[in-house]
Amino acid sequence: MHKENQPLIFEVSTPGRVGYSLPEFDVPEVDIAGLLPQGYIREEEAELPEVSELDIMRHYTALSRRNHGLDSGFYPLGSCTMKYNPKINEAVARFNGFAHLHPLQDESSVQGALELIYDLQEHLTEITGMDAVTLQPAAGAHGEWTGLMLIRAYHEANGDSGRTKVIVPDSAHGTNPASSVVAGFEAVTVKSNEKGLVDLEDLRKVVGPDTAALMLTNPNTLGLFEESILEITEIIHDAGGKVYYDGANLNAVLSKARPGDMGFDVVHLNLHKTFTGPHGGGGPGSGPVGVKADLIPFLPKPVVAKSGDQYVLDYDRPQSIGRVKPYYGNFGINVRAYTYIRSLGPDGLKAVTEYAVLNANYMMRRLEPYFDLPFTKHCKHEFVLSGKRQKKLGVRTLDMAKRLLDFGYHPPTIYFPLNVEECIMIEPTETESKETLDGFIETMIQIAKEAEQNPEIVQEAPHSTVIGRLDETKAARTPVLRYQK
Ligand SMILES: *Cc1c(COP(=O)(O)O)cnc(C)c1O
């Protein structure tokens, strides 16, 4: 088999080798040719790798050891909140009564699960300052789209069909303009000012009778709190628009400030970020959407509601935008978020925010002498550096990100947000110890020094990983995702 420092060979197969054993056939054999449509029947044997159980075990274990996960090391991915996923969440999600439910069971036999959904809705309503929450959407972007469809339905119900535009700041997460377009709107950019905040003058220029909504995240993706938030939401409301809060990362405001109190009408949360659902690798996630009272009639159905002491699925919602997800969302992720909220309690959630913000500011101030800091105000849960100084020495932000791999760190988010040159966006989160923060800071300082004294070592990084620099365009455009016989 492979050595630790060599690329894995995927095309491993020895004819006749098997990794399974099945019991003897004990039911009558059926001729599937008569059961399936002709086009679905294979004419030749599938070409699958033939390997032993031990081979396959080592193959996947080797792959997992080459992966970087939160349980293997620091992962300061800005705007993505890679915080520790407490293992008690996993234990609760595996309770028989949750893990073995069937989504088509009758309401009366799943009262516990419905109670959990209802209770979680209530907690999230309280946390966001909204009037109701749906747990159906399966991800942040899905929540954005759902929220925008609610806003569309609201305007339509008012006979207000000329509202075709959604305003999005230039620092926004890429999903914001994308969701606007998928929901049938045109995305319009509003500029940031020199402080990194929404430029109010520009906002007044772009807002108008065609404004359906403004999408905003606060603190924004630069980690800065919009000081004029009340004025911003008022400008949009005065124009008849709705204000959408991208709450994917709530680490800076959890239990401290609420989107509902800032004038927002719709919010989505990423339970797989702020509320410790595991994430990465594409799923499953949970992107609940909270709304103010005037948008409640449009929420996806069925709505999990309470009638007396029974929990019910309410389908009688004539103005609902309909279902956005089969069943009631990704229930397992919702169980994990519920466990997290209940195990921390209000004081615990407040401490999350305090430590997340403290850690980010500590790191920002210690790195400030070595990198350009485009916005010098105290940050919230994340901050951005610029690699402009290093770029003049021939070392790009990408090089520094690759160099971090040599020290066992997952690089921060880079080249985002787009309005900062050579951007490095760091979110340490509250769950990391001071030792971990210091270790990362020292490494970043070392890399800054290398950029001055020995730039090649950074430019040619990584040196210690199995594969060096990838052709990332080729990897994205022509990925090889299947076994090639
Ligand atoms: C992660 C993120 C999203 C998208 O969430 P997904 O679950 O990946 O779809 C949207 N907005 C912001 C600010 C984010 O950080």
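Residues numbered from 1 in each chain as written. Predicted model: local features only at pLDDT ≥ 70, side-chain atom pairs only at ≥ 80, totals over all residues. Heavy atoms only, no water.

- In the annotation of an unreviewed UniProt entry, the entry for the protein reads Probable glycine dehydrogenase (decarboxylating) subunit 2, and the organism field reads Bacillus benzoevorans.

**Here we look at the packing of aromatic side chains**
- On inspection of all chains with the given rule, the structure shows 9 aromatic pairs.
- A centroid spacing of 5.2 Å and a plane angle of 75° characterise the contact between Phe74 and Phe440, whose relative ring orientation is edge-to-face. On the criterion of sequence distance, the pair formed by Phe74 in the loop between α1 (53-66) and α2 (87-93) and Phe440 in helix α12 (residues 434-453) is long-range, its members being 366 residues apart.
- Under the relative-accessibility criterion, Phe74 is labelled buried at 4%.
- Ring centres 6.4 Å apart and planes at 90° place the aromatic pair Tyr154 and Phe298 in the edge-to-face group. Taken together, the residues span a long stretch of sequence, with Tyr154 in helix α5 (residues 140-157) and Phe298 in the loop between β7 (289-291) and β8 (303-307) at a distance of 144 residues. Each member of the pair, Tyr154 as well as Phe298, carries the same accessibility label: buried.
- Here the aromatic cluster, defined as three or more aromatic residues joined through ring pairs, consists of Phe74, Tyr409 and Phe440.
- Its guanidinium or amino end placed over the ring of Phe185, Arg152 lies 4.8 Å from that ring's centre, counting from NZ or CZ.
- In this arrangement the basic side chain of Lys242 is found over the ring face of Tyr154, its NZ or CZ atom lying 4.3 Å from the centre. (Phe/Tyr/Trp six-rings, centres within 6.5 Å; stacked < 30°, edge-to-face > 60°. Helix = DSSP H or I, 4+ residues; strand = E, 2+ residues; numbered from the N terminus. Buried < 20%, exposed > 50% of the residue type's maximum accessible area, 1.4 Å probe, protein only. Lys NZ or Arg CZ within 6 Å of the ring centre and 35° of its normal.)

**Here's the deal with the site of the ligand**
- Around the ligand, 13 residues are found, and the nearest of them are Ser79, Gly140, Asp246, His272 and Lys273.
- One of the backbone N or O atoms of Gly140 is found 2.8 Å from an oxygen atom in the ligand.
- Looking at the shell around the ligand, the element that brings in the most residues is α5, giving 3 residues.
- Here the shell around the ligand is built from residues that sort into 3 nonpolar, 7 polar and 3 charged. (Near = heavy atom within 4 Å. Polar contact = N/O pair within 3.5 Å; in protein donor to acceptor, adjacent residues only side chain to side chain. Nonpolar A, V, L, I, M, F, W, Y, C, P; charged D, E, K, R; others polar.)

**Here's the deal with empty space enclosed by the protein**
- Here the structure, examined in full by the defined rule, presents 2 cavities of 30 Å³ or more.
- Its boundaries defined by the atoms lining it, the largest cavity holds a volume of some 40 Å³.
- Along its surface, the largest cavity is lined by Thr397, Met400, Ala401, Leu404, Pro412, Ile414, Ile424 and Met444.
- The greatest single-element share of the lining of the largest cavity, amounting to 4 residues, is contributed by helix α11 (residues 397-405).
- Of the residues contributing to the lining of the largest cavity, the split by class is 7 nonpolar, 1 polar and no charged.
- In this model, the second largest cavity occupies a volume close to 30 Å³.
- Split by residue class, the lining of the second largest cavity holds 8 nonpolar, no polar and 1 charged. (1 Å grid on protein atoms, 1.4 Å probe; cavity = no way out; pocket = protein on both sides within 12 Å on 5 of 7 lines; lining within 4 Å. Points joined across faces, edges and corners; volume = space filled by probe spheres on them.)

**Concerning the packing of helix α4 (residues 111-128) against helix α9 (residues 331-367)**
- Relative orientation of the contacting elements α4 and α9 amounts to 50°, with a least axis distance of 10 Å. Regarding the angle of α4 to α9, the classification is oblique. Crossing of α4 over α9 shows left-handed handedness. Contact with α4, carried on its side by Ala113, Leu116, Ile117, Asp119, Leu120, His123, Leu124 and Ile127, involves Phe331, Asn334, Val335, Tyr338, Ile341, Arg342 and Leu349 of α9 and no other residues of that element.
- For the contact of α4 with α9, the residue count by class is 11 nonpolar, 2 polar and 2 charged. (Axes fitted to C-alpha atoms, helices over the stretch in contact; angles between N-to-C directions. Parallel < 35°, antiparallel > 145°, perpendicular 65-115°, else oblique. Left-handed = near helix turned anticlockwise from the far one by under 90°. Contact = heavy atoms within 4.5 Å.)

**Notes on the nonpolar core**
- Core analysis: the biggest nonpolar cluster contains 53 residues, and Leu124, Leu203 and Phe275 have the highest contact counts within it.
- With 10 residues, α9 is the largest single contributor of residues to this core.
- The contact partners of Phe275, leaving out residues within four places of it in the chain, are Leu124, Ile127, Leu250, Leu254, Leu269, Asn270, Arg336, Ala337, Tyr340 and Ile341. (Core = buried A, V, L, I, M, F, W, Y, C linked by side-chain atoms within 4.5 Å.)

**Overview of the UniProt feature "modified residue: N6-(pyridoxal phosphate)lysine" (unreviewed entry) in the protein**
- Those residues carrying the UniProt feature "modified residue: N6-(pyridoxal phosphate)lysine" (unreviewed entry) are Lys273 in this numbering.
- Mapped onto the secondary structure, Lys273 falls in the loop between β6 (266-269) and β7.
- Filtering out sequence-adjacent residues up to four positions away, Lys273 remains in contact with Ser79, Cys80, Thr81, Lys83, Ala248, Asn249 and His279. (UniProt positions renumbered as here; feature names shortened; annotations may be inferred.)

**Details of the environment of Ile235**
- Among the secondary structure elements, Ile235 is positioned in helix α8 (residues 229-238).
- Look at Ile235 and you get buried, because its relative accessible area is 12%.
- Ile235 has contacts with Leu200, Leu203, Arg204 and Val207, leaving out every residue within four places of it along the chain.

**Topic: the pairing of strand β10 (residues 383-386)**
- Here β10 shows no split at all, with Phe383 and Leu385 on one side and Val384 and Ser386 on the other all buried.
- Across 4 bridges, the pairing between β10 and strand β12 (residues 423-426) is antiparallel. Looking at the pairing, Leu385 lines up with Ile424 of β12. (Pairing = 2+ DSSP bridges.)

**Structural notes on unusual backbone geometry**
- In this chain, Lys301 is followed by Pro302 through a cis amide linkage whose omega measures 0°.
- The step from Phe416 to Pro417 runs through a cis peptide bond, and the omega angle for that step is -5°.
- One can find Pro417 in the loop between β11 (413-414) and β12.
- Located in the positive-phi region is Ser79, a residue other than glycine, with phi close to 60°.
- Within the secondary structure layout, Ser79 lies in the loop between α1 and α2.

**As for the sheet that holds strand β2 (residues 165-169)**
- The strand order across the open sheet built from 7 strands is β1-β7-β6-β5-β4-β2-β3, with neighbouring strands paired in mixed fashion. Every interior strand has two partners, whereas the edge strands, β1 (132-134) and β3 (186-190), have only one. Averaged over all pairs of adjacent strands, the angle between strand axes in this sheet comes to 25°, irrespective of strand direction.
- One ladder, built from 3 bridges, connects β6 with β7; its direction is antiparallel. The residue of β7 that forms the bridge with Val267 is Gly290.
- Packed on one face of the sheet, α4 meets β1 and β6 and runs near 125° to β1.
- Where helix α6 (residues 175-182) meets the sheet, its contacts fall on β2, β3, β4 (211-216) and β5 (242-247), and the angle it forms with β2 comes to roughly 175°.

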